[in-house]
Amino acid sequence: MTGQGQHQDQDHQHGDAALERYPGKRNGLPQSDIYGSPSFQASLQPLVDRLRAQQQTDVISAFPSVREVSKLLCDVLGFLESAYGRYALTKPFPKLPYSVFRDLSAGGGVEILLKNVAGHIKTVTVPVHNRKKIDWTSPALRKELQELVAGVRTELVRAGCVRQFKVYFDKGIKNIEQLTEEKGAVVRLGGVVAGSAKEAGVTHIVVPNAKEMEDGREGGGDAGEEEYFWRTVAKGGDGDGQGGLGDRSHALVHWWYLPDSYNEYVPVESAPAEVDADEVPPNGRPWVVHERWVVDSEKYNEWMNEGDYETEESAEENKRVREAKAAGGGVYSLGVDEPQRKKTKK
């Protein structure tokens, strides 16, 4: 995969035509029609069955069916965008990662969310507010719900569902004022600034922006003209253990340089045909990303998708390591015909 990806004409033309038909939501609000669909709710049934088998009575009492679980996911995503998103007036914490809401594994993100919210309903919502359900849109409950979300985050971190990033800033970044601001952004997002690239636990190395990162555009468009790129990260029915549509009528797409919470289910015929799923660097290697990754992360108050900001050099090296590992180790081999991560452009 590459941060700046190469285009293939067929997918490029496919994507251009599709974007004319499907302009995209371009925000972090949930798609209520998707979350309310029988296909999406069916993907949650194994989770509900597992909780019943475990006799998680508080959770089942609060969320007795896939319909209630689906509504909670939709409600919390909407609350996060309103209370923590780009246009929120105050942002006491970063948004919970979107990956949490697709993690249906045992002890995973959705299960932790359900248990914490069910506990809150039992100890606060019912005895204090005399209600059986939480109104996630109530301004009067915002502070209480922010505290609830903070507790959920703590449990997610404890369970390893949310990782604390350790970020090193390359010495090639010379603008001291900008560097200070970017380091502050990392801390505000819950990360730690490393003093050396070789320090134990470094997850990201931030390097100076490439030219296309500095002007904030891709493809050489006129100033002020926004161009959007997208890629398909999953298709319904793929069986990846992630929350999503159980059939192949829709695909989940990611918009480049927008956060994962803006990911969107679109009709499969409108999405880029090839699935280009997110991959972490192999062998515990840190991400090497441009500065814009930090700037955009603070703008949207959530860690951005590193694949959009990864340097060409790092992406190529990671590709060689993956290929060598797949071949059983030994000498790196770069397959010239293997497709790189592509941008499909509007």
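Note that the structure is a prediction, hence the values are computed from the model and not measured. (Residues numbered from 1 in each chain as written. Predicted model: local features only at pLDDT ≥ 70, side-chain atom pairs only at ≥ 80, totals over all residues. Heavy atoms only, no water.)

Considering the packing of helix α4 (residues 45-53) against helix α7 (residues 109-129)
Working note: a packed helix pair is described by the angle between its axes plus the distance between those axes. The N-to-C vectors of α4 and α7 enclose an angle of 55°; their axes lie 11 Å apart at closest approach. Judged on the interaxial angle alone, α7 and α4 are oblique. The handedness of the crossing between α4 and α7 comes out as right-handed. Residues Leu47, Arg50 and Leu51 of α4 pack against Val110, Glu111 and Leu114 of α7. A breakdown of the residues in the contact of α4 with α7 according to their chemical character gives four nonpolar, no polar and two charged. (Axes fitted to C-alpha atoms, helices over the stretch in contact; angles between N-to-C directions. Helix = DSSP H or I, 4+ residues; strand = E, 2+ residues; numbered from the N terminus. Parallel < 35°, antiparallel > 145°, perpendicular 65-115°, else oblique. Left-handed = near helix turned anticlockwise from the far one by under 90°. Contact = heavy atoms within 4.5 Å. Nonpolar A, V, L, I, M, F, W, Y, C, P; charged D, E, K, R; others polar.)

Things to note about the confidence of the model for the protein
Of the residues in the protein, 81% have a pLDDT of 70 or more, and the chain-wide mean is 85. For the stretch residues 1-18, pLDDT sits under 50, and the model shows 65 contacts to residues farther than four places along the chain or on other chains. Throughout residues 330-340 the model reports pLDDT below 50, and contacts reaching past four residues in sequence, or to other chains, amount to 22 contacts. (pLDDT = per-residue confidence, 0-100.)

Comments concerning the pairing of strand β7 (residues 287-290)
Side-chain alternation along β7 places Trp287 and Val289 on one buried face and Val288 and His290 on a second face that is also buried. Bridge count between strand β3 (residues 204-207) and β7: four bridges; the pairing is parallel. Along β7, the bridge assignment pairs isoleucine 205 with valine 288. (Buried < 20%, exposed > 50% of the residue type's maximum accessible area, 1.4 Å probe, protein only. Pairing = 2+ DSSP bridges.)

Describing the sheet that holds β3
Strands sit in the order β2-β1-β3-β7 across an open sheet of four strands; the sheet is parallel. Looking at the sheet topology across the chains shown, the edges are occupied by β2 (192-193) and β7. In terms of strand pairing, strand β1 (residues 166-169) meets β2 through two bridges, oriented parallel. Opposite valine 167, over in β2, you have valine 193 as the bridge partner.

Description of helix α12 (residues 312-326)
For α12, with 15 residues, the first-to-last C-alpha span of 21 Å sits near the 21 Å given by 1.5 Å per residue. Considered for burial, the residues of α12 that qualify are Ser314, Ala315, Glu316, Glu317, Asn318, Lys319, Val321, Arg322, Glu323 and Ala324. At the exit of α12 stands glycine 328, carrying a positive phi of roughly 95°. (Expected span 1.5 Å × (residues − 1).)

A closer look at the packing of helix α6 (residues 66-84) against helix α8 (residues 142-158)
Their axes nearest at 12 Å, the elements α6 and α8 cross at an angle of 110°. By the angle between their axes, α6 is roughly perpendicular relative to α8. When the axes of α6 and α8 are compared, the crossing they make is left-handed. Between α6, through Phe79, Leu80, Ser82, Ala83 and Tyr84, and α8, the contact on the second element is made entirely by Arg142, Leu145, Gln146 and Val149. Looking at the contact of α6 with α8 residue by residue, the class counts come to six nonpolar, two polar and one charged.

A few points about the pattern of salt bridges
This structure, assessed with the given rule, holds 16 salt bridges. Among the ionic pairs, glutamate 298 bridges to arginine 188, the shortest N-O distance being 2.6 Å. A residue pair is termed long-range when its members are at least 10 positions apart, and glutamate 298 in helix α11 (residues 292-300) and arginine 188 in helix α9 (residues 176-188) qualify at 110 residues. Judged by relative accessible area, glutamate 298 falls into the partly exposed class, the value being 28%. Owing to a relative accessible area of 46%, arginine 188 belongs among the partly exposed residues under this scheme. Ionic pairing is found between glutamate 317 and arginine 320, a salt bridge with its closest N-O pair at 2.7 Å. One end of the pair, glutamate 317, and the other, arginine 320, are both in helix α12, three residues apart, so they sit about a helical turn from each other. (Salt bridge = Lys/Arg side-chain N within 4 Å of Asp/Glu carboxyl O.)

Some words on the layout of surface pockets
Counted as a void, the largest pocket has a volume near 1300 Å³. Together, 46 residues line the largest pocket, and Ser99, Phe165, Asp260, Val280 and Glu306 are the ones closest to its centre. Elements supplying a minimum of two residues to the lining of the largest pocket: α8 and β4 (229-235). (1 Å grid on protein atoms, 1.4 Å probe; cavity = no way out; pocket = protein on both sides within 12 Å on 5 of 7 lines; lining within 4 Å. Points joined across faces, edges and corners; volume = space filled by probe spheres on them.)

With respect to unusual backbone geometry
Positive phi, close to 55°, is recorded for asparagine 130, a residue that is not glycine. Within the secondary structure layout, asparagine 130 lies in the loop between α7 and α8. What makes asparagine 130 exposed here is its relative accessible area of 70%. At asparagine 283, a position not held by glycine, the phi torsion is positive, near 60°. Along the chain, the position of asparagine 283 falls in the loop between β6 (264-267) and β7.

Things to note about the side chain of arginine 153
Summarising the element assignment, arginine 153 is placed in helix α8. Nearest to the buried, unbridged arginine 153 among oppositely charged side chains is glutamate 302, at 8.9 Å. A distance of 2.9 Å separates a polar atom in the side chain of arginine 153 from the backbone oxygen of proline 94. Residues within four places of arginine 153 in sequence aside, it is in contact with Pro94, Lys95, Leu96 and Val162. (Lys, Arg positive; Asp, Glu negative; His and termini not counted. Polar contact = N/O pair within 3.5 Å; in protein donor to acceptor, adjacent residues only side chain to side chain.)

Concerning the packing of aromatic side chains
One pass over the full model with this rule turns up 10 aromatic pairs. Centre to centre, the rings of tyrosine 35 and phenylalanine 40 are 4.6 Å apart; their planes meet at 50°, and the pair counts as tilted. Here tryptophan 230 and tryptophan 255 contribute two aromatic rings whose centre-to-centre distance is 5.0 Å and whose plane-to-plane angle is 25°, an arrangement assigned as stacked. One end of the pair, tryptophan 230, is in strand β4; the other, tryptophan 255, is in strand β5 (residues 250-255), and 25 residues separate them in sequence. Pair check on accessibility: tryptophan 230 and tryptophan 255 agree, each one buried. Site record: aromatic cluster; members linked through ring pairs are Phe79, Tyr84 and Trp136. Between arginine 26 and the ring centre of tryptophan 255, over which it is positioned, the NZ or CZ distance is 4.2 Å. Looking at arginine 231, its charged tip hangs above the ring of tryptophan 256, at a distance of 5.7 Å from the centre. (Phe/Tyr/Trp six-rings, centres within 6.5 Å; stacked < 30°, edge-to-face > 60°. Lys NZ or Arg CZ within 6 Å of the ring centre and 35° of its normal.)

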